[in-house]
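Structural characterization, general
As a plain string of letters, each chain reads:
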Amino acid sequence: MKAFTYERAETITRAAAAAVKPGTKFIAGGTNLLDLMKLQVETPSQLVDINRLPLDKIEDTSDGGLRIGATVRNSDLAADPRVRRRYGVLSRALLSGASAQLRNKATTGGNLLQRTRCYYFYDVTKPCNKREPGSGCAALGGFNRIHAVLGTSELCIATHPSDMAVAMRALDANVETLDAEGKARSIPIADFHRFPARTPQIETMLKPGEIVTAVTLPPPPPGTQIYRKVRDRASYAFALVSVAAIVDAAGGRIRSARLAFGGLASKPWRVAQAEERLAGASADAEAFDGAANAVLDGARGYGHNDFKVPLARRTLRAVLTEATRA
Amino acid sequence: MDMNAPIGQNALDDPKSIVGKPLDRIDGRLKVTGAARYAYEFAQETTTTYGYVVEAAIGKGRIRSIDTRAAERSPGVVLILTHRNTPGQGTGSHHEAHPVLTDANVNYYGQPAAFVVAETFEQARAAAYLVRVDYERVAGKYALESNLKYAGSPPAQEGQPHPDSAVGDFTGAFASAPVQLDVTYTTPLQSHAMMEPHASMAVWEGDKLTLHTANQMLSQGQEAVARTLKMPVENVRLISPFIGGGFGGKLWVNADAILAAIAARQLNRPVKTALTRQQIFHVTTHRSDTVQRIRLGTDRDGRIVAIGHDVFSGNLPSEQSFETAAMQTRTLYVGANRLTRHRLVPLDIPIASSMRAPGEAVGMLALECAMDELAAKLNLDPIDLRIRNEPTEDPEKHIPYSSRHLIACLQEGAKRFGWDKRNPKPGQVADGRWLVGMGVAAASRGNPLRTSKANVRLDPDGILTAKMAMTDIGTGTYTIMTQIAAEMLGLPPDRIRMELGDTRFPEAAGSGGSFGAASAGSALFDACETLRAKLAGAAGMDPKAARFADGNIEAGGRSKRLTDLVGNAGMEADGEIGPGTTLKDFSQQSYGAHFAEVAVDMDTGEIRLRRMLGVFTAGRILNEKTARSQAIGGMVFGIGAALEEGLNLDPRFGHFVNHDLAEYHVPVHADVPVIDAVFLPELDTKSNPLKSKGIGELGISGAGAALANAIYNACGARVRDYPITLDKVLTVLPVQA
């Protein structure tokens, strides 16, 4: 850990203004940032503590949705009765992540902004374009069992590790921010995380100083909500593949479906064509396979993670079967 | 005393017995309140400095140059050790010495390249990242499987099992056997992953060194430190009252202790260091991966006529210890023609060494899975197959077993587990979207005994103080030793003061290899016997007739208070145990049977344990509760070995990619839903005066194979490459409905 200055922000605008200074990081739960600082993967010169900001509320919105403050803890969000009742996919996704202790500290904004778990990203003695642009990608020719099969680039094959964000992607959440000039904007979660492309070190649409203030959820769409996480042990493991599904079906026919995936890609993954194919289709193996084909179009493994392609196909099939069961 | 003859009736056979009872850990309160002090928690003097290891970031080569200037200017830095300013040290195998920073050569990834000492831990860590090392890389041999052609026979070492064994004509008998099984298994690199990191604090007073250090075998550690630092043994003191797990990772002196000692001497200030979780994986030892070929030839009734086990493991070219995976194959089943061979592949990766049940832990993953494959081939129940192959004497040494109740364990376990409900045909039982199966495996672990000494003193206040340089690595040693002393002297446990973890106390075996309780406990027993005789003498009673109870000695209708017999200075006695001829005259193992029920998700291949039972015999059980915990802990290790654990080597760098606990998976609570361990009554009179046998490693031996066999029964996938992760069963799962 490198020496850094520490400031506790009392207002949101003050936090955003302080963060314009290069080398600044916001700290909330710190469950990911502190680990990365100890390893000098992150070396901020200034930490702005946002835990005292009034961003810890979950509020109803006028359109029947929810507004989740950026510092709402993962445990609190998962346990909120409105979330449990209307956004079960989100509650389940949260509870499938990390451990109880970590969820008690981790926040909504921090969860969105957590860094990849790529082994080589964590090891400063190894090349990593995300950590050190231009140094190369050690995962490409290395051990890459947990890596992405979709949305990768020749510079980076890391996954986004969040469960929460996958559910939010299926729910069409919006990320609310405030920039250093005090200007607010709302970024659809589909656009919030970027593809690695030529700049894997830039992971989101946030500008310097821009702070996540909340995540808003539109009213829940109709249908059965499922979060299925496939992992190497029963708890406390990142997803190999996860599926957030909201499927409205009756009488063997699918009215609408939303499908988001974790563990497969550089960002929470969603493919419109897959959902279009399912809309109006009869709930059968052919439709499910068609959706899987659309989701996995262009998927490629890098050796150790080849299994993720058939695994994703089988998992989606299981989820859709469950969701459309009469 | 040396164990040269079977033990007759003794004081522990008395039915009033404190020994064996499920006494709560006497140090439990200290631990849960944080009052038990571990190596890193000693003596926060203002003069204390903190060291941080800089690891070599290449697998093999040399340090061309090392630039410490920026680090030296970093706040708080007081010393940076590199090979340029570190004194010469004594050498030896990693069992004997642990020299550090000796020259510019890098022999393995993570080998210490520098040691930065500063006023605070954070300063040392920050400065360590400023040390610039320029390496000259050379090609290294890293992966076991791609370097098998370099395998050689490790030299036979005195007191160690010979790498090879042969009886009869294995090749001919196997070739002509009516039923043959020839299968190869692989097990991965594994790390101990104990809770407490390796930590040491070194304090010098003149030419005398005190090391607070996390070390399982203090007496050996004391010698290794002395040899490394080229100083007299009596000037080295190791203190280690509490250890947060070891599993073999703290058997030997590691770099933390030697670096702290050298730096503290140069600075003339105390130096404290703890390895980070990430560093432990490379800087300290691990269990080698293995390639194991098992060949079993039987007659048409399933009786083994030929049994062969070939094992490859790796280690540094300078090390000769190998993974003794075929040891139980030498003794577990019948067969007139036998062949076992261990081969060692020189590799340029960190030091391979003992990890919980070295040998058995991975050897029985292979042997006990092969027995299941053989049973399937013969269309026999796996328990029946083992019964058909139960020997009446050790099949290789042709000596009797000291005690052996493997079949009783299998049969009792089968009854308790509901084995009769198992469908022998794989892939037949479904529960929702889960395929469910059961598996069984035998457990067997060698029963060693080592030299150990003890001292006891009964004071006029009625407190019995026992001292041994023994350790408690979380297993319950304080508690069982207290029970032994209380039983022997007829005192309540709260009258016993058990002092362990200091080389100023009599030399003891330490904790490792399942020999700790038997060795140190027997030494304590011996010391108590001598004290009993002295007390009887002082009371004018016949020691053989004397009974000790409630703080009194009684014989011939007379009774005296012990406190009235010990005088003002108290009364002392020494005890000692040593291995003797019973280890040669009898084949000594503890035994058991593992039963596992697993479910395999028919969509995703996720494998989850549902329930597990171990039934064991291990001689006299010294504490029902700590023994059960030990057994369950071993079984949980077995779950990890079967399903989760494995270091992934990157052969480009020679390093372990997943060197943290986020990605080096060990079982979490949710992976262990229902588990139980049962000990059947047994006394082993050839083992030691306690008539106990080792239990620390029995629980892991064979455990993982029970899961592997259950996976086969559940879904028909016979995976021979551990750990059995979902990607390895995906291809055999049924087509989705």
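Please read all numbers here as calculations on a predicted model, not as lab measurements. (Residues numbered from 1 in each chain as written. Chains lettered and ligands numbered in written order. Predicted model: local features only at pLDDT ≥ 70, side-chain atom pairs only at ≥ 80, totals over all residues.)

Once that is clear, we can look at the overall build of chain B. Scanning chain B from terminus to terminus reveals 15 helices and 29 strands. For chain B, whose C-alpha radius of gyration is 27 Å, the value lies close to the compact-globule estimate of 27 Å for 737 residues. Relative to its full complement of 737 residues, chain B shows a buried share of 59%. If you take every contact in chain B between residues at least 6 apart in sequence, the share linking residues at least 24 apart comes to 82%. (Helix = DSSP H or I, 4+ residues; strand = E, 2+ residues; numbered from the N terminus. Rg over C-alpha atoms; globule rule 2.2 N^0.38 Å. Buried ≥ 20, exposed ≤ 12 C-beta atoms within 10 Å, placed from the backbone. Contact = placed C-beta atoms within 7 Å.)

Bringing the overall build of chain A into the picture now. Looking only at helices and strands, one finds twelve helices and twelve strands in chain A. For a compact globule of 326 residues, the expected C-alpha radius of gyration is about 20 Å, and chain A comes in at 19 Å, within 12% of that figure. For chain A, the proportion of its 326 residues judged to be buried stands at 54%. Put simply, 64% of the contacts in chain A that link residues at least 6 apart link residues at least 24 apart.

With that settled, the discussion passes to the domain arrangement of chain A. Residues and elements named next belong to chain A. Each assigned domain of chain A is listed with its residue range as follows: domain 1 (5-49) and domain 2 (55-326). Taking only C-alpha atoms into account, the centre of domain 1 sits 24 Å from that of domain 2. Listed as interface residues are 17 residues of domain 1 and, on the opposing side, 22 residues of domain 2. Per-class residue counts for the side of domain 1 that touches domain 2 are eleven nonpolar, six polar and no charged. (Domains from an automatic or database assignment. Nonpolar A, V, L, I, M, F, W, Y, C, P; charged D, E, K, R; others polar.)

Residue-level contacts link 23 residues of chain A with 27 residues of chain B. No other element matches the six residues that helix H12 (residues 308-324) of chain A contributes to the side of chain A that touches chain B. Looking at the side of chain A that touches chain B, its residues break down into twelve nonpolar, five polar and six charged.

What follows covers the packing of helix H14 (residues 624-643) of chain B against helix H15 (residues 703-715) of chain B. All names here are of chain B. Where H14 meets H15, the closest approach of the two axes is 7 Å, and the angle between their N-to-C directions is 50°. Relative to H15, the element H14 is oriented oblique. H14 and H15 meet at a crossing whose hand is right-handed. Listed contacts from H15 to Gly 634, Met 635, Gly 638, Ile 639, Ala 641, Ala 642 and Leu 643 of H14 are Ala 703, Gly 704, Leu 707 and Ala 708. Class assignment of the residues belonging to the contact of H14 with H15 gives a composition of eight nonpolar, three polar and no charged. (Axes fitted to C-alpha atoms, helices over the stretch in contact; angles between N-to-C directions. Parallel < 35°, antiparallel > 145°, perpendicular 65-115°, else oblique. Left-handed = near helix turned anticlockwise from the far one by under 90°.)

So, about helix H3 (residues 121-128) of chain B. With six of eight residues buried, H3(B) is to be regarded as a mostly interior element. Turning to H3(B), its buried residues number three or more, namely Gln123(B), Ala124(B), Arg125(B), Ala126(B), Ala127(B) and Ala128(B).

Let us look at the sheet that holds strand E21 (residues 547-549) of chain B. Residue and element names in this part refer to chain B. In spatial order, the strands read E21-E22-E23; together these three strands make up an open sheet with antiparallel pairing. What marks the edges here is a single partner per strand, and that holds for E21 and strand E23 (558-561). Strand-to-strand twist across the sheet, computed as the mean angle between neighbouring axes with direction ignored, equals 25°. One ladder, built from four bridges, connects strand E22 (residues 552-555) with E23; its direction is antiparallel. Bridge pairing links Ala 555 to Arg 558 in E23. (Pairing = 2+ DSSP bridges.)

Okay, unusual backbone geometry next. Residues and elements named next belong to chain B. A cis amide bond, omega -5°, links Tyr 722 with the succeeding residue Pro 723. Its place among the elements puts Pro 723 in the segment after H15. The phi dihedral of Lys 230 falls on the positive side, at around 55°, and the residue is not glycine. With respect to the helices and strands, Lys 230 occurs in the loop between helix H5 (218-229) and strand E11 (236-239). On the basis of neighbour counts, which here come to 12 C-beta atoms within 10 Å, the residue Lys 230 falls in the exposed class. Although it is not a glycine, Asn 268 sits at a positive phi angle of roughly 55°. With respect to the helices, strands and loops of the structure, Asn 268 is situated in the loop between helix H6 (255-267) and strand E12 (271-274).

Residue and element names in this part refer to chain B. Put simply, helix H8 (residues 360-378) and H15 touch, their axes get as near as 8 Å, and they point 35° apart. The handedness of the crossing between H8 and H15 is right-handed. Within the contact between the two elements, H8 uses Met 364, Leu 365, Glu 368, Cys 369 and Asp 372 and H15 uses Gly 704, Ala 705, Ala 708, Asn 709 and Tyr 712. Each residue belonging to the contact of H8 with H15 can be placed in one class, and the counts come to six nonpolar, two polar and two charged.

Turning our eyes to something else, we now look at H6(B). Residues and elements named next belong to chain B. Its 13 residues place the ends of H6 18 Å apart at the C-alpha level, agreeing with the 18 Å of an ideal helix rising 1.5 Å per residue. Among the 13 residues in H6, ten count as buried, and that is most of the element. Taken together, the buried positions of H6 are occupied by Ala 255, Asp 256, Ala 257, Ile 258, Leu 259, Ala 260, Ala 261, Ile 262, Ala 263 and Ala 264. Once H6 ends, the next one or two residues include Asn 268, with phi positive near 55°. (Expected span 1.5 Å × (residues − 1).)

Moving on, we get to the sheet that holds strand E9 (residues 224-230) of chain A. Two pairing modes exist for strands in a sheet, parallel and antiparallel, and in both the strands are linked by backbone hydrogen bonds. All names here are of chain A. As summarised here, the arrangement of the four strands in space is E9-E10-E11-E12, forming an open sheet in which the pairing is antiparallel. At either margin of the open sheet sits one strand with a lone partner, and together these are E9 and strand E12 (269-270). With two bridges joining them, strand E11 (residues 253-262) and E12 adopt antiparallel strand pairing. The residue of E12 that forms the bridge with Ala 260 is Arg 270. The strands touched by H12 are E9, strand E10 (241-250) and E11; relative to E10, the strand with the most contacts, the crossing angle is about 30°.

All names here are of chain B. Per the domain assignment, the segments of chain B are domain 1 (39-139 + 192-283) and domain 2 (450-569). Domain 1 and domain 2 are separated by 37 Å when their C-alpha centres are compared. With 18 residues of domain 1 at the interface, the matching set in domain 2 holds 15 residues. Looking at the side of domain 1 that touches domain 2, the elements that each hand over two or more residues are H5 and E11. No other element matches H5, which puts four residues into the side of domain 1 that touches domain 2.

All names here are of chain B. Relative to the helices and strands, Tyr 40 is located in the loop between helix H1 (28-32) and strand E1 (49-55). Along the primary structure Tyr 40 and His 212 are separated by 172 residues, whereas in three dimensions their C-alpha atoms are 7.6 Å apart. When neighbours within four sequence positions are excluded, Tyr 40 is seen to be in contact with Ala 199, Met 201, Lys 272 and Ala 274.

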